[in-house]
Amino acid sequence: FGAKNSPAILINPLAPKKQVIGFLPYWLLDKAGTNYSKQITTLSYFSLRIDGNGNIQKLLTPQQEEPGWYALRSGKLDSFFSTALKNNLTLSLTVASGDINAINALVSDPVNHARNFISDIKPLMDKYNFSDLNIDIENTQAASASARAHFTQFIGEVRKELAKGETLTVEISPSDVIRNNLIDPKAMGKIADNVVLM
């Protein structure tokens, strides 16, 4: 309750805790500070790239690593992650794609591609102590009902395979709310632990 002459304030202990997600893009690592614990509750590494088969893309060419993969694998993020964990932040791994052809291929076989994805992503989540998986599939084109259902099925399969205590976050765009894009926000709200409106 407030002090004398102040309105009473009731705090509901069952109310959800406010979350503030800070995205750490691989291309800004040299400019980023290592400790954002006073500003955020979740540090999300942005990002690894998912291909049309559900695998994490590791190479751009036979001689060049995908930059998000390289930054994670090279140890450049270790100090960010250890500081975040020391300060009780949630560590999140964002996996993204904006490649329309890869996205269409991904949803063409949602169950098998989800299995491929989980077999690639689970060891990384365990190794780097990520407790949240953030999926950022950016496709704002109109989609068929079957494509929307397949994407929802893909997300559902991924959610089923996450370990107890691990959360799933799905990114949606504002146009997903008003158009029949690939991502069905209502379905995501039933599957995902968190939905982020970009």
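Since we're looking at a predicted model, the values are computed, not measured. Starting afresh in each chain, residues are numbered from 1 along the sequence in its written order. Totals for whole chains, interfaces and linings use all residues, but because this is a predicted model, local features are given only for residues with pLDDT of at least 70 and pairs of side-chain atoms are given and counted only at 80 or more. Neither water nor hydrogens contribute to the side-chain values; these are computed over all heavy atoms in the structure.

Q: Mind laying out a nonpolar patch on the surface, listing which residues take part and the relevant values?
A: For patches, a residue must show more than 30% relative accessible area and have no salt bridge; joins then use 9 Å for like charges and 5 Å for nonpolar side chains, namely Val, Leu, Ile, Met, Phe, Trp and Tyr. Each accessible area is a Shrake-Rupley result for a 1.4 Å probe, and residues are judged covered by the shown protein chains and nothing else. By definition here, a salt bridge exists when the distance from a side-chain nitrogen of Lys or Arg to a carboxyl oxygen of Asp or Glu is within 4 Å. A cluster of nonpolar side chains, Val177, Ile178 and Leu197, forms an exposed patch at the surface whose accessible area comes to about 330 Å². Here Leu197 is to be found in strand β8 (residues 194–197). Residue classification places Leu197 among the exposed residues on the basis of a relative accessible area of 55%. The way it works is that DSSP assigns letters per residue, a run of H or I at least four long becomes a helix, a run of E at least two long becomes a strand, and they are numbered from the N terminus. Exposure categories follow from relative accessible area, calculated using a 1.4 Å probe and restricted to protein chains: below 20% of the type maximum is buried, above 50% is exposed, and the middle band is partly exposed.

Q: Let's hear about the environment of Lys38: which residues, and what values?
A: Counting through the fold element by element, Lys38 comes out in the loop between β1 (21–25) and β2 (42–49). With relative accessibility at 79%, the residue Lys38 sits in the exposed group.

Q: Report on empty space enclosed by the protein, specifying residues and quantitative values.
A: The pocket and cavity definitions rest on a 1 Å grid over protein atoms only: a 1.4 Å probe that fits but cannot leave marks a cavity, an open set with protein on both sides within 12 Å along at least five of seven lines marks a pocket, and residues lining either have an atom within 4 Å of a point. Grid points are joined across faces, edges and corners, and a volume is the space filled by probe spheres set on the points. Within this structure, the stated rule accounts for 1 cavity of 30 Å³ or more. Lining the largest cavity, in full, are Leu24, Gly33, Thr34, Asn35, Tyr36, Ser37, Ile40, Leu43, Phe80, Thr83, Ala84 and Leu89. Considering each element in turn, the lining of the largest cavity owes the most residues, 3 residues, to helix α2 (residues 78–86). Gly counts as polar in this scheme, as do all residues outside two lists: the nonpolar Ala, Val, Leu, Ile, Met, Phe, Trp, Tyr, Cys and Pro, and the charged Asp, Glu, Lys and Arg. Here the lining of the largest cavity is composed, by residue class, of 7 nonpolar, 5 polar and no charged.

Q: Any details on the sheet that holds β8? Residues and values, ideally.
A: Being paired, for any two strands, means DSSP has found at least two bridges between them. Taken in spatial order, the 6 strands of this open sheet run β1-β2-β5-β6-β7-β8, and their pairing is parallel. Each having just a single partner strand, β1 and β8 make up the two edges of the open sheet. On average, adjacent strands in this sheet sit at an angle of 25° to one another, irrespective of strand direction. As paired elements, β2 and strand β5 (residues 90–97) share 7 bridges and run parallel to each other. Note on β5: the bridge partner recorded for Phe46 is Thr94. Throughout, a residue-residue contact means that at least one pair of heavy atoms, one from each residue, lies within 4.5 Å. Structural elements are reduced to axes, namely lines fitted to C-alpha atoms, with helices fitted over the stretch in contact, and the angle between N-to-C directions of any two is expressed from 0 to 180 degrees. Against the sheet, helix α4 (residues 110–128) contacts β2, β5 and β6 (132–137), and its axis sits at roughly 135° relative to β6.

Q: Pulling in residues and values, what's your account of the pattern of salt bridges?
A: Taken as a whole, this structure holds 8 salt bridges when the rule is applied. With a shortest N-O distance of 2.8 Å, Glu65 and Arg73 are connected by a salt bridge. Given a relative accessible area of 25%, Glu65 falls into the partly exposed group. Each member of the salt-bridge network shares a partner with another, and the members are Lys122, Asp126 and Glu166.

Q: Outline the environment of Asp136, supporting the account with residue identities and numerical values.
A: In this fold, Asp136 is placed in strand β6. Distance from Asp136 to Pro185, taken between C-alpha atoms, is 13 Å for residues 49 residues apart in sequence. When neighbours within four sequence positions are excluded, Asp136 is seen to be in contact with Phe46, Thr94, Val95, Ala96, Ser97, Glu171 and Met198.

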